[in-house]
Amino acid sequence: MKIETASLGRQELHDLIGTAISPLPIAFISTVGPDGVNNAAPFSFVAPVCSKPAIICVAIGLRKNEKKDTLRNIESTLDFVVNVVDEKLMRPAIDASTEYPSDVDEIKQVGLTPVASDRVKSPRIAEAKVSLECKVVQEMQIVEQLREGLGLRAIVFGEVILAHVKDEVWVKGKIDPRRLQVIGRVAQNTYCRTGDMFEMKRA
Ligand SMILES: Cc1cc2nc3c(=O)[nH]c(=O)nc-3n(C[C@H](O)[C@H](O)[C@H](O)COP(=O)(O)O)c2cc1C
């Protein structure tokens with residue numbers, strides 16, 4: 001099978017790359033709006049791109065040709081928090097992807113607890129085993145095909161300036177992935193647990 005990507009629609013291509021390059025992470029991103037309302041939503045098109053400085057990027061598309069609350073908030077405060085999704089955070093993270101009005105505190109709405117961050121305006125989520133406070137270092141746009149026509153997808157690069165790691169997952173100076181029990185995304189609505197881990201040393 002050879003697939004010319006030009007022959008596929010937007011959703012088919014989303015499924016193709018979202019499964020070919022997987023498992024994808026689920027970054028549960030918390031932000032705050034100019035009006036002080038907290039927001040949280042899951043994002044999978046997320047990747048680390050540099051170690052020192054520690055830079056990660058997240059790709060945020062448009063919704064009905066308008067910026068999502070997460071992007072609006074990030075552009076207003078120039079910061080955000082990535083909360084790592086483990087098994088316990090999975091249900092609330094998916095629930096937070098529902099379209100709520102901008103004046104709803106989505107962290108509380110999905111049964112979680114917002115707490116003030118140390119170094120950024122965006123709140124972090126108390127229940128997350130790992131939360132990364134990030135400051136925006138760059139934003140770029142990619143032209144993308146939407147149902148409504150062409151639109152701009154934002155790729156936001158953030159520097160992780162402070163990491164909160166719960167003691168229960170911090171072992172010998174590292175995050176222990178066996179204790180973190182992170183969830184991965186392998187297709188549109190399909191996820192994996194990270195229960196079956198193995199080690200392979202480089203030559
Ligand atoms: C597992 C999962 C991963 C998602 N990944 C992305 C993503 O990478 N980029 C994106 O724009 N939307 C993504 N979404 C959709 C957003 O979470 C959704 O549009 C959300 O309502 C945005 O909320 P906001 O308006 O509060 O920012 C994802 C949804 C789910 C359930």
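To be clear, the structure that these remarks concern was listed above.
Rules and cut-offs
- Residues numbered from 1 in each chain as written.
- Predicted model: local features only at pLDDT ≥ 70, side-chain atom pairs only at ≥ 80, totals over all residues.
- Helix = DSSP H or I, 4+ residues; strand = E, 2+ residues; numbered from the N terminus.
- Rg over C-alpha atoms; globule rule 2.2 N^0.38 Å.
- Buried ≥ 20, exposed ≤ 12 C-beta atoms within 10 Å, placed from the backbone.
- Near = placed C-beta within 6 Å.
- Nonpolar A, V, L, I, M, F, W, Y, C, P; charged D, E, K, R; others polar.
- Arc of directions from axis to C-beta.
- Pairing = 2+ DSSP bridges.
- Axes fitted to C-alpha atoms, helices over the stretch in contact; angles between N-to-C directions.
- Contact = placed C-beta atoms within 7 Å.
- Core = buried A, V, L, I, M, F, W, Y, C linked by C-beta atoms within 7 Å.

*Asks:* Looking at this structure, I do not really get the overall build of the protein chain. What am I missing?
*Replies:* For the protein chain, the count of helices and strands is five helices and 15 strands. For the protein chain, the C-alpha radius of gyration of 17 Å lies close to 17 Å, the compact-globule estimate for 203 residues. Counting only C-alpha atoms, the protein chain reaches 50 × 50 × 30 Å along its principal axes. Per-residue burial over the protein chain gives 28% buried out of 203 residues.

*Asks:* Can you walk me through the site of the ligand in this structure?
*Replies:* The environment of the ligand is made up of 18 residues, and the closest members are Ala 41, Phe 45, Lys 68, Asp 69 and Thr 70. Tallying contributions element by element places strand S2 (residues 38-43) first for the shell around the ligand, with four residues. For the shell around the ligand, the residue count by class is eight nonpolar, five polar and five charged.

*Asks:* Before we go on, may I ask you to explain helix H3 (residues 87-95) in this structure?
*Replies:* Each α-helix winds once per 3.6 residues, and so residues spaced three or four apart point in a common direction. If you check which residues of H3 are buried, you get Leu 89, Pro 92 and Ala 93. End-on view of H3: buried residues confined to an arc of 105 degrees, all on one side of the axis.

*Asks:* Which parts of the structure should I look at to understand unusual backbone geometry?
*Replies:* Glycine aside, the phi torsion of most residues is negative, and most peptide linkages are trans. The omega torsion across Ser 22 and Pro 23 is 0 degrees, close enough to zero to call that bond cis. Here Pro 23 is to be found in the loop between helix H1 (10-20) and strand S1 (27-32). Although it is not a glycine, Leu 78 sits at a positive phi angle of roughly 60 degrees. Of note, Leu 78 is situated in the loop between helix H2 (69-77) and strand S7 (79-84).

*Asks:* Got a minute to help me understand the pairing of strand S3 (residues 46-50) in this structure?
*Replies:* Each regular strand shows side chains that alternate between the opposite faces of the sheet. With four bridges connecting them, S3 and strand S4 (residues 55-60) associate as antiparallel partners. Opposite Ala 47, over in S4, you have Cys 57 as the bridge partner. Two successive antiparallel strands, S3 and S4, enclose a turn made up of four residues.

*Asks:* For this particular structure, what's the right way to read the sheet that holds S2?
*Replies:* The strands making up a sheet associate through backbone hydrogen bonding, with each pair oriented either parallel or antiparallel. Across the sheet, which stays open at both edges, the seven strands sit in the order S2-S1-S7-S10-S11-S4-S3 with antiparallel pairing between neighbours. Looking at strand neighbours, the two that pair on one side only are S2 and S3, the edges of this open sheet. In this sheet, neighbouring strand axes are inclined to one another by 35 degrees on average, regardless of whether the strands run parallel or antiparallel. Where S7 lies against strand S10 (residues 130-146), five bridges are found, and the strand directions are antiparallel.

*Asks:* What is the right way to look at the environment of Ala 96 in this model?
*Replies:* With respect to the helices and strands, Ala 96 occurs in the loop between H3 and helix H4 (106-109). Along the chain, Ala 96 and Leu 78 lie 18 residues apart, while their C-alpha atoms are 21 Å from each other. Among residues more than four places away in sequence, those in contact with Ala 96 are Ala 40, Ala 41, Pro 42, Glu 106 and Val 110.

*Asks:* Would you take a moment to explain the nonpolar core for this structure?
*Replies:* It is characteristic of soluble globular proteins that their nonpolar side chains tend to be buried jointly. One finds Phe 28, Ile 29 and Val 85 to be the most contacted residues of the largest nonpolar core, which totals 31 residues. Contributing elements (two or more residues each) for this core: S1, S2, S4, H2, S7, H3 and S10. The element that contributes the greatest number of residues to this core is S7, accounting for four residues. Contacts of Ile 29, omitting those with residues within four sequence positions, involve Ala 40, Ala 41, Phe 43, Val 58, Thr 70, Phe 80, Val 81 and Val 82.

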